[in-house]
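Residue-level structure breakdown
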Amino acid sequence: MLREPKIKAAGQSESRQQEADYESVSELQKGVKHLCERGIKKLPKRYILPVSDRPTEVESRSVETNVKLPIIDFAELQGPNRSRVLKSLSYAFEKYGFFQLVNHGLPADLLTNMTGVCKRLFELPFEERAKYMSPDMRALVRYGTSVSQDKDEIFCWRDFIKLMCDPWPDVLQQWPTTPADFREISVPYSRETRSLFMKLMVAVLESLGLWGTENETEEDDVVKGFREGSQLLVSNCFPPCPEPDLTIGLVPHSDYGFLTILLQDEVRGLQIQFEKKWMTVEPMPNAFVVNAGDHLEIFSNGRYKSVLHRVVANSQRMRISVATLHSLPFSFMIQPSPKLINKDNPPRYRSTDFATFIKFASSGALKKKNFLEMMKLP
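Residues numbered from 1 in each chain as written. Predicted model: local features only at pLDDT ≥ 70, side-chain atom pairs only at ≥ 80, totals over all residues. Heavy atoms only, no water.

Here we look at the packing of helix α6 (residues 82–95) against helix α10 (residues 182–207)
- Relative orientation of the contacting elements α6 and α10 amounts to 85°, with a least axis distance of 9 Å. The angle between α6 and α10 places the two elements in the roughly perpendicular class. Contacts between α6 and α10 involve R82, L86, L89, S90 and F93 on the former and, on the latter, V202, A203, V204, E206 and S207. (Axes fitted to C-alpha atoms, helices over the stretch in contact; angles between N-to-C directions. Helix = DSSP H or I, 4+ residues; strand = E, 2+ residues; numbered from the N terminus. Parallel < 35°, antiparallel > 145°, perpendicular 65-115°, else oblique. Contact = heavy atoms within 4.5 Å.)

So this is what it looks like as structure tokens:
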């Protein structure tokens, strides 16, 4: 009779100690996948958003909040209907900042294999994943959690691995060798998406009036810059969350580059801000979601929009996405294209480069679109 309370007290003490372990910064920095593997049942306080910042139930789950993005048929873009598709592309970037890309030419099995091998990478033992953990945003390979895990006051329910793709021969030696077929799949995927980016950027330049018969020679240096440009491959893992209504998978943000080419699995989660509302992008089989980044907004002098987007968490299924972010070489200055500037359309943005962005992001000051806002001229 006297022992029972002691057993109960011991159990309570053990539970409190386990919760304290989950709350420690060192434990949280191991990532949400690690927390799930430890059997977490309750969200640590560091992940809980202020009520005003939490996605509402309607925003997260209602089909009424789905957005129908414009669909760009890449095959038609390469054919006799190119001029019509270019107009659709302009409309998509001006109104949404996003579109769905279909008939892009990448094999369906390559897309399936890419999300599959990334999922298997996140399912590796923690000790294997930990080999690539680094707080250095310049690391060639970086496994991490949240956004900037050593600076974030509130953590996102997300793990990621980032792979620099330049310079190609050097960085490849640093890429993961487990799972055993990771390089076998990710190398051709990164090459194919780089090639796709180049073709899309020519279309973007053409839609802006900067490429074609008249301007082709003059603008050749720009295209060369993109061909020699930077590429970053990022795979994201959003495990099932015990209390998804209290947190977020990825906070509202814009992408830094010219174009992001996103491959997502069949699990919903991506949302864009459209007409001041958060709208869900429904996954399409074998399609890419393409969006304009901050550099394209600057380069187009504000005509094409880099739009806020985020990822909501869910309690049922793991979500995997693979993004490739493309821009000019890191050493290049990004500025409004001189061809778009005149007395009626003066420059609206300052010049910037990748080093400036990295310094700003590393400081922990990066919030929503504040870097782009900082680049705007009065």
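Thoughts on unusual backbone geometry
- Cis rather than trans, the peptide bond between D166 and P167 has omega equal to -10°.
- Of note, P167 is situated in the loop between β5 (159–164) and α9 (168–172).
- Residue P179 is reached from T178 by a cis peptide bond, and omega for that bond is 0°.
- Even without glycine at this site, N103 takes up a positive phi of about 50°.
- Along the chain, N103 turns up in the loop between β3 (98–102) and α7 (108–122).
- In the Ramachandran plot, N301 falls in the positive-phi region, its phi being about 60° despite a non-glycine side chain.
- With respect to the secondary-structure elements, N301 resides in the loop between α12 (294–299) and β12 (309–311).

Focus: the sheet that holds strand β10 (residues 277–281)
- In spatial order, the strands read β1-β10-β9-β12-β7; together these 5 strands make up an open sheet with mixed pairing. Among the strands making up the open sheet, the edge pair consists of β1 (66–67) and β7 (250–253).
- Across 2 bridges, the pairing between β7 and β12 is antiparallel. Among the inter-strand pairings, L250 is bridged to a residue of β12, identified as V311. (Pairing = 2+ DSSP bridges.)

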